[in-house]
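# Notes for the structure review
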Number of protein chains: 2
Amino acid sequence: MQQKVSIKDIANHVGTSITAVSFVINGKAKEKYISDKLAAKIRKAIDELGYQPNLLARSLRTGKSNIIGFLVDDISKPFFSGLARAIDEKAAVHGYKIIFSSTGNDRERTTEILNIYQERRVDAYVAALAEGLENEIGGLIGGEAPVVLFDRYLPGLDADYVLTDNFWSTAAATQHLLDNGFENIAFITIDTLQQQMLDRLRGYTEVIDRSGKKQEVLKIKYQDSEHATQLIKAFLQKNSHLDAVIFAANYLTMDGLKLSRTGDEGLLQSKGVISFDDFELLEFIRPSITAVEQPIEAIAENIIQLLLKKLAGGATAKTAKPVVINLQAKLNVRQSSKPQNAQS
Amino acid sequence: MQQKVSIKDIANHVGTSITAVSFVINGKAKEKYISDKLAAKIRKAIDELGYQPNLLARSLRTGKSNIIGFLVDDISKPFFSGLARAIDEKAAVHGYKIIFSSTGNDRERTTEILNIYQERRVDAYVAALAEGLENEIGGLIGGEAPVVLFDRYLPGLDADYVLTDNFWSTAAATQHLLDNGFENIAFITIDTLQQQMLDRLRGYTEVIDRSGKKQEVLKIKYQDSEHATQLIKAFLQKNSHLDAVIFAANYLTMDGLKLSRTGDEGLLQSKGVISFDDFELLEFIRPSITAVEQPIEAIAENIIQLLLKKLAGGATAKTAKPVVINLQAKLNVRQSSKPQNAQS
DNA sequence: TTTATTTGCGTAAACGTTTAAGTTATTCGA
DNA sequence: TCGAATAACTTAAACGTTTACGCAAATAAA
């Protein structure tokens, strides 16, 4: 019971060859002309001896580890851990396991992790990387193992992506506020070249421009949370005519909410507020805040489907053009029109 | 560049045996009498050809996969994903990788996952399991691979545990409220036999009893969030003399906070509130809520240390008595004494 | 009856390592 | 000067699989 039983043990126990055993294990009994009688005996022995295949040996032989490497900033961020769970479950159905790591946005750590993934012979990579790390992952693209990136688009990288449609989502959010009678809508973002942030900004500006209203954008040079809160405070105090605010990222929403700490919650109290990225917190906050929710399940599903296609496709899939999938986010409305300021 | 280079390739390139190459790779050059000259040539070739060891092959040969299986309810829960990150980082230092799965508290899924872990020949298990799953993991204890459980103590299972000291932590929380002048402190928990919940309750009752005050306990037969909120509401309305409440779990705190949805936030507004388990949300909530924070880093560190000891120890460690480590939680005070109702 | 095909199974090589057990040449102590 | 120790390597087996190939018996075709 203690020592592991191998195919050889089964073969000896039944009095046959390891080949025969291997064939029935792999469901090739018919195909490989193993008689029903022998197959039955083998299956019985497998049961009795409690045989469990050694996946390491199998991987070595087949060249497929059935492991997917998952790489993000920080696995403990809700979006990432939620996605990790979804991907893990979907991957398990197809016999894959996930190993994960957090880069902490550190270049050295990232190369190190990718190196380990290669040594472990992962079959595929799933990653969300910050700009500046294009080169580290770039070397992998077009290689043996397929790579699918998500969440962040890196303009320099011609890879397969599964993204949230940032442009569309912010446009919809902005339109939502307009439809509900808000007149002076501000957009608070960070000063960056990150593609997804630019897309979000564009979603806002285009809708505002089309409406003939005035753009009110605060671009924060992000240092830390305290500082951001101060800038937001100053911005809102100065522009007292604003009646709605869109925060372009969840941490910005948080920084905004931290105004309550200094007793400045009034600055947001009477306004329409939309947060990009939904989080549990928002269910409890007063006044209620509408949020753009990333479609985690859909993202996971698309990533896995893409990977499976590439893993199955072999050479054909490898030369295929990169795919970029844009998924529409959901607007979780918790606050309706301006006048009533009602809560749904 | 495309095809993987093996030890054999290095050996051929240098004109030596694979044994020699293997020795220098494993840093046994001196010990195994490889001349500095040859070692240097080998190292050069390794660099030039970009050799990366095949960890699958190594694992097969050595019998050590250097993989740790991590098993929890739901990896997307903040406590678990936080711990996952911490463990991953600490394990990486020692050359271990983590694979994880979410059981969803499902028995079949749990056995299935454990089976997969065994097939993958994980070197060790880290798990937080709900009661009822004792048997599934029980079979592993005392086997080849060490098992460390955390978060939940399962009375039937004689295993190694790393836990938060629930008794001590609730006692401290209760004492904190007493010290700050609260007189009528309620304890809201669920109706269960879960050891950690019983410990928390005991922490409360013992301190209350010693103080000569009256116990006010609500045990909820948990069905769903809505229902729990209703029960809490009724309880607080009926016992209007209460001036403080301790929620024994984070989801109970949430259910309590949901009173604001029906406009009943007044029921908590004027009271002292402590939540077991801290979460981001609590930084924003008014009135501010003090919370017991689980020491994630310490838990991770203790788990890894325990595992390493057992992995290194071999037979001696296997026969050793199970270790139960109780770590003290931190009380994050966000609210001080009763009179002022001030916010820190 | 002979030949070809199908059925049923076993032999052995390979995947990329590690490592016990050689082998040869050199140094050394007496 | 000669066995013994040391230094510098190599040979080959093993880890547990998968799978190409080979071979014999049974069946079908001619």
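Residues numbered from 1 in each chain as written. Chains lettered and ligands numbered in written order. Predicted model: local features only at pLDDT ≥ 70, side-chain atom pairs only at ≥ 80, totals over all residues. Heavy atoms only, no water.

As named in an unreviewed UniProt entry, chain A is LacI family transcriptional regulator, taken from Pedobacter kyungheensis.

What follows is about the overall build of chain A. For chain A, the helix and strand inventory stands at 14 helices and 12 strands. Against the compact-globule benchmark of 20 Å for 344 residues, chain A has a radius of gyration of 26 Å, which places it well outside the compact range. Here the C-alpha coordinates of chain A stretch approximately 85 × 40 × 35 Å along the principal axes. Every one of the 344 residues in chain A was classed for burial, and the buried ones make up 53%. In chain A, the share of contacts with a sequence separation of at least 24, taken over all contacts with a separation of at least 6, comes to 66%. (Helix = DSSP H or I, 4+ residues; strand = E, 2+ residues; numbered from the N terminus. Rg over C-alpha atoms; globule rule 2.2 N^0.38 Å. Buried < 20%, exposed > 50% of the residue type's maximum accessible area, 1.4 Å probe, protein only. Contact = heavy atoms within 4.5 Å.)

The subject of this paragraph is helix H13 (residues 296-313) of chain B. Residue and element names in this part refer to chain B. A rise of 1.5 Å per residue sets the reference length of H13, with its 18 residues, at 26 Å; its end C-alpha atoms lie 26 Å apart and thus fit the reference within 8%. Of the positions making up H13, those classed as buried are Ile299, Ala300, Ile303, Ile304, Leu306, Leu307 and Lys310. Angular distribution of buried residues about the axis of H13 spans 165°; they occupy a single face of the element. The outward face of H13, more than 90 degrees from its buried face, is lined by the exposed residues Lys309 and Ala312. (Expected span 1.5 Å × (residues − 1). Arc of directions from axis to C-beta.)

Here we come to the relation of the copies chain A and chain B. Expressed as a screw transformation, the operator carrying chain A onto chain B has a rotation angle of 180° and an axial translation of 0.0 Å, and the superposed copies differ by an RMSD of 0.1 Å. The two molecules are tied by a two-fold rotation axis, judged by turn and shift. Interface overlap between copies is the fraction of interface residues in one copy that are interface residues in the other; for chain A against chain B it reaches 100%, indicating a shared surface. (Least-squares fit on C-alpha atoms with pLDDT ≥ 70 in both.)

Let us now look at the interface of chain A and chain B. The interface is formed by 54 residues belonging to chain A together with 54 residues belonging to chain B. Between chain A and chain B, roughly 5000 Å² of surface is buried when both sides are summed, and carbon and sulfur atoms account for 57% of that area. In this assembly, chain A and chain B are joined by two salt bridges. As a salt-bridge pair, A:Arg85 and B:Asp74 come within 2.9 Å of each other at their nearest N and O atoms. Counting every contact that joins chain A to chain B gives 20 residue pairs in polar contact (both at pLDDT 80 or more). Put simply, the parts of the chain that give the side of chain A that touches chain B at least two residues each are helix H4 (55-62), helix H5 (78-93), strand S2 (97-102), helix H6 (107-119) and helix H11 (250-257) of chain A. (Buried area = accessible area lost by both parts, 1.4 Å probe. Salt bridge = Lys/Arg side-chain N within 4 Å of Asp/Glu carboxyl O. Polar contact = N/O pair within 3.5 Å; in protein donor to acceptor, adjacent residues only side chain to side chain.)

Here we come to the environment of A:Ala124. All names here are of chain A. On the secondary structure map, Ala124 appears in strand S3 (residues 124-127). For Ala124, a relative accessible area of 0% puts it in the buried group. Here the alpha-carbon distance between Ala124 and Pro146, two residues 22 residues apart in the chain, equals 5.0 Å. Dropping the residues within four chain positions of it, Ala124 is found in contact with Ile67, Ile68, Gly69, Ala145, Pro146 and Leu307.

Quick look at the nonpolar core now. Counting 92 residues, the largest nonpolar core has A:Ile185, A:Leu236, B:Ile185 and B:Leu236 as the members making the most contacts within it. Apart from residues lying up to four places away in sequence, A:Leu236 is in contact with A:Leu242, A:Val245, A:Leu259, A:Leu267 and A:Leu268. With 56 residues, the next largest nonpolar core counts A:Ala84, B:Phe100, B:Val162 and B:Ile303 among its residues. (Core = buried A, V, L, I, M, F, W, Y, C linked by side-chain atoms within 4.5 Å.)

Residues and elements named next belong to chain A. Burial along strand S11 (residues 324-327) is one-sided: Ile325 and Leu327 are buried, while Val324 and Asn326, pointing the other way, are not. Note: strand S5 (residues 160-164) against S11, four bridges, orientation parallel. Paired with Leu163 across the two strands is Asn326, which belongs to S11. (Pairing = 2+ DSSP bridges.)

Let's shift gears to the pairing of strand S1 (residues 67-72) of chain B. Residue and element names in this part refer to chain B. Across the six residues that make up S1, a large majority, six, are buried. On S1, burial covers both faces: Ile67, Gly69 and Leu71 on one face and Ile68, Phe70 and Val72 on the other are all buried. Bridge analysis of S1 against strand S2 (residues 97-102) gives six bridges, and the strand direction is parallel. Counterpart to Ile68 in the pairing with S2 is Ile98.

Before going further, it helps to spend a moment on the sheet that holds strand S12 (residues 330-332) of chain B. Backbone hydrogen bonds are what pair the strands of a sheet, in a parallel or an antiparallel way. All names here are of chain B. Taking strand neighbours across the sheet as the criterion, the six strands line up as S7-S6-S8-S9-S10-S12 in an open arrangement whose pairing is mixed. Single-partner strands in this sheet number two, and they are strand S7 (216-220) and S12. For this sheet, the mean inter-axis angle between neighbouring strands, taken without regard to orientation, is 20°. By the bridge criterion, four bridges tie strand S8 (residues 244-247) to strand S9 (residues 272-276) in an arrangement that is parallel. Within S9, the residue paired with Val245 across the bridge is Val273. Together, strand S6 (185-190), S7 and S8 form the strand contacts of helix H10 (residues 225-238), whose direction differs from that of S7 by roughly 160°. (Axes fitted to C-alpha atoms, helices over the stretch in contact; angles between N-to-C directions.)

Glancing now at the protein's contact with DNA strand D. The immediate surroundings of DNA strand D are formed by 27 residues, with A:Ser22, A:Arg61, B:Thr16, B:Thr19 and B:Ser35 found nearest. Near the protein, meaning within 4 Å, the atoms of DNA strand D are sugar or phosphate in a fraction of 60%, with bases accounting for the rest. Measuring from a phosphate oxygen of DNA strand D, one finds a backbone N or O atom of A:Ile7 at 2.8 Å. Between DNA strand D and the protein, one listed contact pairs a phosphate oxygen with a side-chain N or O atom of B:Ser35 at 2.3 Å. Of all elements in the fold, only helix H2 (18-25) and H4 of chain A together with helix H2 (18-25) and helix H4 (55-62) of chain B reach the threshold of two or more residues within the surface near DNA strand D. Within the surface near DNA strand D, the residues separate by chemical class into 11 nonpolar, 11 polar and five charged. (Near = heavy atom within 4 Å. Nonpolar A, V, L, I, M, F, W, Y, C, P; charged D, E, K, R; others polar.)

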